[in-house]
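# Observations on the three-dimensional arrangement
Now for the letters of each chain:
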Amino acid sequence: MVIFLIIVGFLVAVLYRQIAVNFMTNPGLNGLIVVVLAFGILLAIAQVVRLMPEVTWANSFRQGEEFEGRRDPVLLAPMRALLGDTSLNMSLNTNVMRSILDSIGNRLDDLRDITRYLIGLLVFLGLLGTFWGLLQTIGSIGNTIQSLDPGSGNANDILDALKSGLKAPLDGMGTAFSSSLFGLAGSLVLGFLDLQAG
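In this report, we go over the structure that sits alongside the text. (Residues numbered from 1 in each chain as written. Predicted model: local features only at pLDDT ≥ 70, side-chain atom pairs only at ≥ 80, totals over all residues. Heavy atoms only, no water.)

### Re the overall build of the protein chain
So the rule is basically this: For helices the rule is a DSSP run of H or I covering at least 4 residues; for strands it is a run of E covering at least 2, with both sets numbered from the N terminus onward. Here the term buried applies to any residue with accessible area under 20% of the maximum for its type, exposed to any over 50%, and partly exposed to those in between, with areas from a 1.4 Å probe on protein chains only. It only takes one pair of heavy atoms within 4.5 Å for two residues to be counted as in contact.
When its secondary structure is counted, the protein chain shows eight helices and zero strands. Along the protein chain, helices and strands appear, N-terminal first, in the series α-α-α-α-α-α-α-α. For the protein chain, the residues scored as buried account for 29% of the 198 residues in total. When contacts within the protein chain are restricted to residue pairs at least 6 apart in sequence, long-range pairs at least 24 apart make up 71% of them.

### Things to note about the packing of aromatic side chains
Just so we agree on the cut-off: Only rings of Phe, Tyr and Trp enter the pairing, Trp through its six-membered ring, and a pair is recorded when the two centres are within 6.5 Å. The plane angle decides the type: under 30 degrees is stacked, over 60 is edge-to-face, the rest tilted.
One pass over the structure, following the stated rule, counts two aromatic pairs. Each ring, one from Phe-4 and one from Phe-192, has its centre 4.2 Å from the other, and the planes form 35°; the classification is tilted. Here Phe-4, found in helix α1 (residues 2-14), pairs with Phe-192, found in helix α8 (residues 167-197); they are 188 residues apart in sequence, far enough to count as distant. A ring pair is formed by Phe-23 and Phe-182, whose centres lie 5.8 Å apart and whose planes are at 85°; its orientation type is edge-to-face. Separated by 159 residues along the polypeptide, Phe-23 in helix α2 (residues 16-23) and Phe-182 in helix α8 bring together distant segments of the chain. Taking the relative accessible area as the measure of exposure, Phe-182 reaches 13% and is therefore buried.

### Some points on the packing of helix α3 (residues 27-50) against helix α4 (residues 52-62)
Filter applied, for reference: Lines fitted to the C-alpha atoms define the axes, with helices restricted to the stretch that makes contact. Angles between their N-to-C directions range from 0 to 180 degrees. Oblique is the label for any angle not under 35 degrees, not over 145, and not in the 65 to 115 range, which are roughly parallel, roughly antiparallel and roughly perpendicular in turn. Amino acids are sorted into nonpolar (Ala, Val, Leu, Ile, Met, Phe, Trp, Tyr, Cys and Pro), charged (Asp, Glu, Lys and Arg) and polar (every other residue, Gly among them).
It is the contact of α3 with α4, at a shortest axis distance of 4 Å, that shows an interaxial angle of 15°. Here α3 is positioned roughly parallel relative to α4, judged by the angle of their axes. Contacts between α3 and α4 involve Val-48, Val-49 and Arg-50 from the former and Met-52, Pro-53 and Glu-54 from the latter. Classifying every residue of the contact of α3 with α4 gives four nonpolar, no polar and two charged.

### Observations concerning the nonpolar core
The line we're drawing: The definition of a nonpolar core used throughout is a set of buried Ala, Val, Leu, Ile, Met, Phe, Trp, Tyr and Cys residues joined through side-chain atoms within 4.5 Å.
Ile-33, Leu-37, Leu-122 and Leu-190 are the most contacted members of the largest nonpolar core, which has 15 residues in total. At the level of secondary structure, the elements contributing two or more residues to this core comprise α3, α6 (94-147) and α8. Looking at this core element by element, the count peaks at seven residues for α3. Once residues lying within four places of it in the same chain are set aside, the contact partners of Ile-33 are Leu-122, Leu-125, Gly-126, Ser-179, Phe-182 and Gly-183. In terms of nonpolar packing, the next biggest core, distinct from the first, is built from seven residues, Phe-61, Leu-75, Ile-100 and Ile-104 among them.

### Focus: the side chain of Ser-180
Among the structural elements, Ser-180 can be located in helix α8. Excluding residues that lie within four positions of it along the chain, Ser-180 makes contacts with Gly-126 and Thr-130.

### Structural notes on a nonpolar patch on the surface
We apply this condition: Two joining distances apply to patches: 9 Å for like charges and 5 Å for nonpolar side chains (Val, Leu, Ile, Met, Phe, Trp, Tyr), and every residue must have over 30% relative accessible area and no salt bridge. Here, Shrake-Rupley sampling with a 1.4 Å probe gives the accessible areas, and only protein chains in the shown set may cover a residue. Definition used for salt bridges: Asp or Glu carboxyl oxygen within 4 Å of a side-chain nitrogen of Lys or Arg.
Together, Ile-3, Ile-7, Phe-10, Leu-11, Val-14 and Leu-15 make up an exposed nonpolar region whose accessible area comes to about 620 Å². In this fold, Leu-15 is placed in the loop between α1 and α2. We classify Leu-15 as partly exposed; its relative accessible area is 40%.

### A few points about the pattern of salt bridges
Under the definition given, this model contains four salt bridges. For the salt bridge of Asp-102 with Arg-98, the shortest nitrogen-to-oxygen distance reads 3.8 Å. One end of the pair, Asp-102, and the other, Arg-98, are both in helix α6, four residues apart, so they sit about a helical turn from each other. With relative accessibility at 48%, the residue Arg-98 sits in the partly exposed group. Of the charged contacts, one joins Arg-116 and Asp-194 as a salt bridge, the two residues approaching to 4.0 Å between their closest N and O atoms. With a gap of 78 residues between them, Arg-116 in helix α6 and Asp-194 in helix α8 connect regions that are remote in the sequence. Via salt bridges that share partners, Arg-112, Asp-113, Arg-116 and Asp-194 belong to a single interconnected network.

Next comes the structure, spelled out in structure tokens:
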């Protein structure tokens, strides 16, 4: 996960100018997408870090080491209560072990549901920006067409009005495509991290 985030950070650094220009086409929505992505990254990393005390306890228990003074496991607390503090009295049957592992799996899946929701939210925010930008484009194209006056007779005035009128539709397209870009790229990054966390 860390190596992947370093690669993504390197790509962002290399493409910083283009990303900054695209970000500024709709800083409000794009900023929200970046905040959701940052929260999702922190959540995915926290899910993995949360497992470290569990792994440490399981390894020390299996090797018969004392676990005093360290943080007690949370997900494996029912197993620790059943097994006690030493591996000498290890006596769990298959059904009990399967029940404990299923309980742990369900709790971990509940945590991953939030990350999966954030992946969908990033796609939704990208699509929301797309439709928002397209609505701006359609409205401004209609205004541009209505502002053209072919009866004025001067072709230069008509072309100047057309050029100035097309700026708003192009801004709307920038909003549409930049938010789609940020939303889909964010869901790609968070989806890979969720896969690794799983």
